[in-house]
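Close look at the chain arrangement
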Amino acid sequence: MISVLIVDDDFMVAKVHAGFIQRTPGFAVVGVAHTGAQAMAETARLQPDLVLLDIHLPDINGLDLMVRLREAAPELDVLVISAAREVETVRRALRGGIVHYLIKPFSQADLQERLEHYRSAYQGLDLSKDVAEQSDVNRVFGLESTERAERTEPRLPKGCSPETLSRVVAVLESAGADFSAAEVADLLGTSRVSARRYLEYLHDEARVEVRLKYGAGRPERRYALKSP
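In what follows, the accompanying structure is described.

Cut-offs used in this document
- Residues numbered from 1 in each chain as written.
- Predicted model: local features only at pLDDT ≥ 70, side-chain atom pairs only at ≥ 80, totals over all residues.
- Heavy atoms only, no water.
- Buried < 20%, exposed > 50% of the residue type's maximum accessible area, 1.4 Å probe, protein only.
- Helix = DSSP H or I, 4+ residues; strand = E, 2+ residues; numbered from the N terminus.
- Pairing = 2+ DSSP bridges.
- Right-handed = clockwise from strand over helix to strand, strands pointing away.
- Salt bridge = Lys/Arg side-chain N within 4 Å of Asp/Glu carboxyl O.
- Axes fitted to C-alpha atoms, helices over the stretch in contact; angles between N-to-C directions.
- Contact = heavy atoms within 4.5 Å.
- Core = buried A, V, L, I, M, F, W, Y, C linked by side-chain atoms within 4.5 Å.

**Observations regarding the pairing of strand β4 (residues 77–82)**
Counted residue by residue, β4 has six buried out of six residues, so it is predominantly covered. Alternating positions in β4 separate into two faces, Asp 77, Leu 79 and Ile 81 on one and Val 78, Val 80 and Ser 82 on the other, with burial throughout. Pairing analysis gives four bridges linking strand β3 (residues 50–53) to β4, with the strands arranged parallel. Bridging from a neighbouring strand, Leu 53 pairs with Val 80 of β4. Of the strand pairs in this sheet, β4 and strand β5 (residues 100–103) are connected by four bridges, and their pairing is parallel. When the bridges of β5 are listed, Val 80 appears paired with Tyr 101. For the crossover that starts at β4, traverses helix α4 (residues 87–95) and ends in the parallel β5, the hand is right-handed.

**A look at unusual backbone geometry**
Here the residue pair Lys 104 and Pro 105 is connected by a cis peptide bond, since its omega of -10° sits within 30 degrees of zero. Looking at the secondary structure, you find Pro 105 in the loop between β5 and α5 (108–121). A positive phi angle is found at Gln 47, which is not glycine, with a value near 50°. Among the structural elements, Gln 47 can be located in the loop between α2 (36–46) and β3. A residue is classified by how much of its surface remains accessible, and Gln 47, at 38% relative accessible area, is partly exposed. The phi angle at Ala 206 is positive, at roughly 60°, despite the residue not being glycine. With respect to the secondary-structure elements, Ala 206 resides in the loop between α10 (192–204) and β7 (208–213).

**As for the pattern of salt bridges**
Close approach of charged atoms allows side chains of opposite charge to pair. For the coordinates displayed, the defined rule picks out 13 salt bridges. Two residues, Lys 104 and Asp 54, come together in a salt bridge whose shortest N-O distance is 3.3 Å. Placement of Lys 104 in the loop between β5 and α5 and of Asp 54 in the loop between β3 and α3 (62–72) is noted, with a sequence separation of 50 residues between them. With relative accessibility at 3%, the residue Asp 54 sits in the buried group. Of the charged contacts, one joins Arg 211 and Glu 209 as a salt bridge, the two residues approaching to 2.8 Å between their closest N and O atoms. You can call Arg 211 partly exposed: its relative accessible area is 37%.

**Some remarks on the sheet that holds strand β2 (residues 27–33)**
Ordered by their spatial adjacency, five strands build an open sheet running β2-β1-β3-β4-β5, and the pairing between neighbours is parallel. A single partner strand is all that each edge strand has here, and the edge strands are β2 and β5. Strand-to-strand twist of the sheet, defined as the mean angle between neighbouring strand axes without regard to direction, takes the value 20°. Summarising the sheet, strand β1 (residues 2–7) and β3 pair through four bridges and their orientation is parallel. The residue of β3 that forms the bridge with Val 4 is Leu 50. Strand contacts of α3: β1, β3 and β4, with the helix running at about 165° to β3, the strand carrying the most contacts.

**A word on the nonpolar core**
Counting 21 residues, the largest nonpolar core has Val 7, Leu 53 and Leu 65 as the members making the most contacts within it. At the level of secondary structure, the elements contributing two or more residues to this core comprise β1, β3, α3 and β4. Tallying contributions element by element places α3 first for this core, with four residues. If near-sequence neighbours (up to four positions away) are discounted, Leu 53 is found in contact with Val 7, Gly 62, Leu 65, Met 66, Val 78, Leu 79, Val 80 and Ile 81. Membership of the second largest hydrophobic core comes to 19 residues, among which are Ala 14, Ile 21, Phe 106 and Leu 111.

Take it as geometry only, folks, not as evidence of what the structure does.
As structure tokens, then:
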């Protein structure tokens with residue numbers, strides 16, 4: 001269970017955020033503080049895993065407090081929740097090593113999404129290993145899903161869309177026959193050049209085969225889906 005300390009000067013807001021966290025599996029609120037002084041005392045006493053930290057506190061700037069909190073709890077992670085939108089404030093928070101910056105107001109779903117990423121990425125690092133793999137680091141920085149998509153979905157040519165590609169494939173599947181680029185273009189209502197771009201892409205990906213039809217002039221390229 002990941003223990004969370006909420007630091008916010010607004011009593012009602014802190015209560016709402018506590019409810020959000022308690023409804024997120026794997027997290028438990030262990031304390032609430034409304035000033036920097038209270039946050040220091042509670043951090044030293046509770047040694048939480050994560051602090052939800054507001055920047056605007058009555059006795060200290062939250063980013064200055066963050067440095068002191070880590071002196072009291074060196075393993076502490078910080079997720080900033082604040083109405084502060086100044087770019088320099090966000091940059092300073094990032095340089096301070098926060099796990100995320102969530103701008104108020106936000107929904108329960110917004111906070112849960114950040115918490116779940118924190119749980120799977122930061123808490124998911126395997127401490128039994130002496131060294132981290134690149135995939136471990138990528139997961140922390142939110143790059144794992146991007147890499148997976150790039151591995152499973154080859155990048156389409158410029159100007160092509162997955163939706164139109166699906167329609168081209170559907171045309172080729174519809175009759176189980178071969179088609180010319182002109183015929184595909186007529187069926188889809190696109191230009192012949194555009195249709196041929198998709199067909200050639202499918203050919204490059206080894207998903208269709210090309211048959212040449214000879215007649216007067218240059219042979220016509222006809223495209224058919226390869227058999228499974």
